Amino acid sequence: MEIVSCPFCGKENPPESETCQYCQARLIPLKINPASQPDSIGQPPEEESPAKSNKDQVPESQDGLQAAGEMNRSEAAPVSDASDWLSGFRNQINTQDLSSQPVAQDDGPRPEIRDIHPDIESGTMQNDSIRSLLFTDAGQKEEQPPENSVIGPQDVERTGDTAADDLAWLRELQSQYQQVESLSSAGSKKDEDWSAANELSQDSQKREDDVVPSWVDEIYAGPRDEKEAESDLGLSPAELPAWLDATRHSGTHQDIFSIPSDYGGQVEIAGPLAGLPGILPAEPEIALGRKAAAYPAQLQVTETNRVQAEIFDQVLQSEGQNQPIPDRGLVTSQKVMRMAFAIIIIFAILVPVFSLQTLERYPPIAPVAVLTASQIISSIGNESPVLVAVEYEPGFSGELDAALAAVLDHLMIQEAFLVFISSNPTGPLQAEHIVTVSNQVGSHQYVNTEGQIEYINLGFIPGGPAGLRNFAENPRLSNPSDISGEPAWQNPVMMTVDDINDFSLVIVASENQDKSRAWIEQAGTLLANTPLIYIVSAQSEPLIRPFFDATPRQVQGIVSGVIGSVQYGTTIGRQGIAQLYWPSFNSGLLAAAILIVIGGGANALLVLNAIKNGRKKGGN
Amino acid sequence: MSLFDLGVADFIGGLLGFTLTLAVFSHFIGDNVAFRLVLHIFIGVSAGYIAVVVANNILWPKLLRPVLEADGWELLWAGLPLFFSLLLFARLFPRYSILGSPVLAFIVGVGAAAAIGGAVIGVIFPQARATINLFDLDAIRQNQENVNLALVNGSIILLGTISSLAYFHFGVRKQAGAKTQRPDWMEWLAQVGQGFIVIAFGLIFAGIYAAALAALIERLSSITRFIYSLIAGF
């Protein structure tokens, strides 16, 4: 519910209150509503007379009693104008049959002044009511058109009488105008009009003197001669300097003290000035303690935009909310399928293991990449330094251990001096592990002891690509000691190595394509005559293959995964870890191929069934 | 090898490997406590081992020991890496982080220079030259290859290279009142490239499966060997 705060005392009032119930200050500002102005005397309230419609056409000085008085004093208004509106009104009177509908024209909603006077005399009305009505009537006089001014004198003369018949005044009005018409036809119409107007003005002035204070009359009286006013007080006029006289307001008192037209017809209803008309509102309208107007902030959007905005809002709101994980049943089709696939593959792997049967049918032909690698290693002489970069993670040791073990087996057969390095922190440990595995599988005795050093683990290269570059350019400075902290370059074989080109062979074992490419980029560009061989996982072999297929080759040999390891063992006639994995590996690949075919066929059947159902639905 | 042939360390190692492997395999039935426990153990062990390696292989021999063993002017030269390393700790404090910025900028700059230089010199230029040399008739005759087959092989490689690059070309020229799309010949080339890319992805997927299968075989083989040794021992 809206509450109106008083602009003066600040207390809250009900919204329907016009005045403050605490300080009687007005809560509703005065506003001029021409439609709510009281109608003229004798004029039907619901029917706008042509005379009233012509009100705007007449001069403002002729609007009301005061204007009539002014005009009488100044004699500035053109007489011809009065004749025009008077003739217009006469034409209206002639066209109306006033005697036929007298009651309807007098059915006004408010009392008229002639009806109030008896009450005043009898004292039955309260003072405020009387004052309000009188001032209201005075204000109405200002708004009355000149036609009513003509009617006024006869009507005012009847104010002291109680009208038994409301139509009598109208008949008198008709007779009055007939008289006016006769006068105008005699050629002295102008003089008679002005005499009637003067009578109306004098009578109205007399009536206003009874109820309006004298100072209001001074304001209404218009400009007065200053000298005359000063002479009334017995003072001689002062002689002002020319410059001061020039600054004086050139307007009249009427200009200074004139009441704005918007407030002229309003009567104060509260406070000490209650009952006075033309009071300027003390409180600004803006001071009313109402709530600010609520302008709609909604955009003019289409229904589609609104729906999209709601969806976007929901998405934004759901961003910060924890989405509960839907409860899944212990057994779902996806879980069952996943476990079924795992069981099938594990079964396929374990069957060859428990059957203890070895698959002797290895790939008969080795690819060029493996064959080239084998040939290069076969050319490695005794005590030749071979750099082996162990760059794979422990998770891929199952695959790369098998592949690297076959190559290391060949290098150990060739009695090469192995130098391990890694840019992976876990690489040095993997290097120690693969040496142990190779010794076990190949029955070798490669050790690093005080009395016998057949390999050196230089440890970890920090710095990523920059570290690799640094090692390739100056391995002594990059890794001066081995993994145990002992000096690495005091060995007779190592003393012959100053940069990476002094190694007889460089082998990189990695499952990571980025690490593999980093060795090509940083170290491979420095290799002149030293071959570079890659031991890679099957998943990164397609990405290393272009470096082998390039002309000239950037990589001289590739051994890829279990298959490459088996092929490499075939080239040297040795069996290693890969040969142990080979039966299970083949079974696992076969199982995977069968599952892919079955899954693809099932998926194709589902798609065909869906298409068939779709055609049926479409046909129906 | 029976249980009695195993040492205590081998037996404990084998038992740990067997248990942890089964815990990882328990992920078949969904996420569970055993799988997460093994995951945390692996991460913790890896982090601890890396810290030890870095301290043993880098911090002590390359950073601290030279400072302790140096004297005179060598101390200034050996102390510079340690000083710059300590400046990196200023990055921990926002108020003094600017002290570590030059060192960090030096590290990033050197790494970027090495990576970009290596990529250009080691990969882009050699691979572009290799693609061009596929049509070098002298080189083909020198390798004693069939010229026609070599040219066909080179054409396929060239088509695969160009069409794969065309597939990732998304630049179009906007035309008023027309649908914004690549030219028809570019669309056709991109479709051919898409075929090459699909084949490459299929090959990589097969390699991933082969690698995973090898790892699974290695683990199952280890488990069976451990079980066999236990059975043989009793």
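Before reading further, recall that the structure is shown in the block above.
Residues numbered from 1 in each chain as written. Chains lettered and ligands numbered in written order. Predicted model: local features only at pLDDT ≥ 70, side-chain atom pairs only at ≥ 80, totals over all residues. Heavy atoms only, no water.

### Overview of the overall build of chain B
What counts here: A run of H or I in DSSP becomes a helix once it reaches four residues, and a run of E becomes a strand once it reaches two; helices and strands are each numbered from the N terminus. The buried label applies to any residue whose accessible area, calculated with a 1.4 Å probe on protein chains only, is under 20% of its type's maximum; exposed applies above 50%, and partly exposed to all values in between. Note on definitions: a residue-residue contact is assigned when non-hydrogen atoms from the two residues lie within 4.5 Å. Surface exposure here means Shrake-Rupley accessible area, sampled with a 1.4 Å probe, where a residue is shielded only by the protein chains that are shown.
For chain B, the helix and strand inventory stands at seven helices and zero strands. Ordered by position in the sequence, the α and β elements of chain B form the string α-α-α-α-α-α-α. Taken across its 234 residues, chain B has 27% of its residues classed as buried. Contacts in chain B between residues at least 24 apart in sequence constitute 38% of all its contacts with a sequence separation of at least 6. Total accessible area computed for chain B in this model is approximately 16100 Å², and 72% of it derives from carbon and sulfur atoms.

### Some details on the nonpolar core
All names here are of chain A. Put simply, the rule reads: To define a nonpolar core, start from buried Ala, Val, Leu, Ile, Met, Phe, Trp, Tyr and Cys residues and group those joined through side-chain atoms within 4.5 Å.
Leu411, Leu418, Phe420, Ile507 and Ile535 are the most contacted members of the largest nonpolar core, which has 58 residues in total. It is helix H17 (residues 397–413) that provides the largest number of residues to this core, a total of ten residues. Excluding anything up to four places from it in sequence, Leu418 contacts Val386, Val388, Leu408, Leu411, Met412, Tyr446, Glu454, Tyr455 and Ile456. Within the second largest apolar cluster, 35 residues are counted, among which are Ala369, Ile461, Phe471 and Trp519.

### A short note on the layout of surface pockets
To keep it simple, the criterion reads: Only protein atoms enter the 1 Å grid, on which a cavity is a set of points fitting a 1.4 Å probe that cannot get out and a pocket is an open set with protein on both sides within 12 Å along at least 5 of 7 lines, lining residues being those with an atom within 4 Å of a point. Grid points are joined across faces, edges and corners, and a volume is the space filled by probe spheres set on the points.
Considering only enclosed or pocket space, the second largest pocket measures out at about 1800 Å³ in volume. The wall of the second largest pocket is formed by 48 residues, among which Arg545 and Pro546 of chain A together with Gln127, Ile157 and Thr161 of chain B lie closest to the centre. Breaking the lining of the second largest pocket down by element, the ones donating at least two residues are helix H16 (368–378), helix H21 (513–522) and helix H22 (541–549) of chain A together with helix H4 (101–133), helix H5 (137–142), helix H6 (147–167) and helix H7 (184–233) of chain B. The biggest single contributor to the lining of the second largest pocket is H6 of chain B, with ten residues.

### A closer look at helix H18 (residues 427–442) of chain A
Selection rule: Expected helix span is computed as 1.5 Å times (number of residues minus one).
With 16 residues, H18 of chain A should cover 22 Å at 1.5 Å per step; its first-to-last C-alpha distance of 22 Å lies within 8% of that length. For H18 of chain A, every residue scored as buried is listed here: Gly427, Pro428, Gln430, Ala431, Ile434, Val435, Val437, Ser438, Asn439 and Gly442 of chain A.

### As for the sheet that holds strand E7 (residues 532–536) of chain A
Residue and element names in this part refer to chain A. Note the cut-off: The criterion for strand pairing is that DSSP finds at least two bridges linking the strands in question. Interaxial angles span 0 to 180 degrees and are taken between N-to-C directions of axes, which are lines fitted to C-alpha atoms, for helices over the stretch in contact.
Spatial strand order, E5-E4-E3-E6-E7-E8: six strands in an open sheet with parallel pairing. Two strands lie at the open edges of the sheet, namely strand E5 (455–460) and strand E8 (557–560), each paired on one side alone. If you compare each strand with its neighbour and ignore which way they point, the axes differ by 15° on average. With respect to the sheet, H16 is in contact with strand E6 (505–510), E7 and E8, its orientation differing from that of E8 by roughly 115°.

### Structural notes on a nonpolar patch on the surface
Filter applied, for reference: Each patch groups residues whose relative accessible area exceeds 30% and which form no salt bridge, using 9 Å between like charges and 5 Å between nonpolar side chains of Val, Leu, Ile, Met, Phe, Trp and Tyr. The term salt bridge refers to a pairing of a side-chain nitrogen on Lys or Arg with a carboxyl oxygen on Asp or Glu at a separation within 4 Å.
Taken together, the side chains of Leu86, Phe89, Leu92, Phe93, Tyr96, Ile98 and Leu99 of chain B define a hydrophobic patch exposed on the protein surface, amounting to about 790 Å² of accessible area. When you line up the elements, Phe93 of chain B lands in the loop between helix H3 (73–88) and H4.

### Some details on the interface of chain A and chain B
Short version of the rule: Following the grouping adopted for this structure description, the nonpolar residues are Ala, Val, Leu, Ile, Met, Phe, Trp, Tyr, Cys and Pro, the charged ones are Asp, Glu, Lys and Arg, and the polar ones are all others, Gly among them.
Of the residues lining the interface, 50 residues belong to chain A; the matching set on chain B comes to 41 residues. At the boundary of chain A and chain B, one finds zero salt bridges. Those elements giving two or more residues to the side of chain A that touches chain B turn out to be helix H15 (333–355), H17, H18, E5, helix H19 (464–473), H21, H22 and helix H24 (577–619) of chain A. A total of ten residues in the side of chain A that touches chain B trace back to one element, the largest contributor, which is H15 of chain A. Residues that form the side of chain A that touches chain B fall into these classes: 31 nonpolar, 14 polar and five charged.

### What about the pattern of salt bridges?
The final tally for this structure, using the stated rule, is 13 salt bridges over all chains. Glu473 of chain A is the salt-bridge partner of Arg469 of chain A, the closest N and O atoms lying 3.2 Å from each other. Of the two residues, Arg469 of chain A and Glu473 of chain A both sit in helix H19, four residues apart, roughly one turn of that helix. Arg182 of chain B is the salt-bridge partner of Glu187 of chain B, the closest N and O atoms lying 3.3 Å from each other. The exposure class of Arg182 of chain B is buried, given its relative accessible area of 12%. Through salt bridges with shared partners, a single ionic network connects Glu303, Arg306 and Glu310 of chain A.

### So, the packing of aromatic side chains
As a reminder, the rule being used: Aromatic pairs are defined between Phe, Tyr and Trp rings, using the six-membered ring for Trp, whenever the two ring centres lie within 6.5 Å; interplanar angles under 30 degrees are classed as stacked, those over 60 as edge-to-face, and all others as tilted. For a Lys NZ or an Arg CZ to count as sitting over a ring, it must be within 6 Å of the ring centre and within 35 degrees of the ring normal.
Under the defined criterion, the tally for this structure stands at seven aromatic pairs over all chains. Residues Phe83 of chain B and Phe84 of chain B carry aromatic rings whose centres are separated by 5.7 Å and whose planes lie at 55° to one another, so their mutual orientation is tilted. By way of ring pairs, the aromatic residues Phe11, Phe18 and Phe226 of chain B are connected into one cluster. Of note, Arg553 of chain A hangs over the ring of Phe548 of chain A, and the distance from its end group to the ring centre comes to 4.2 Å.

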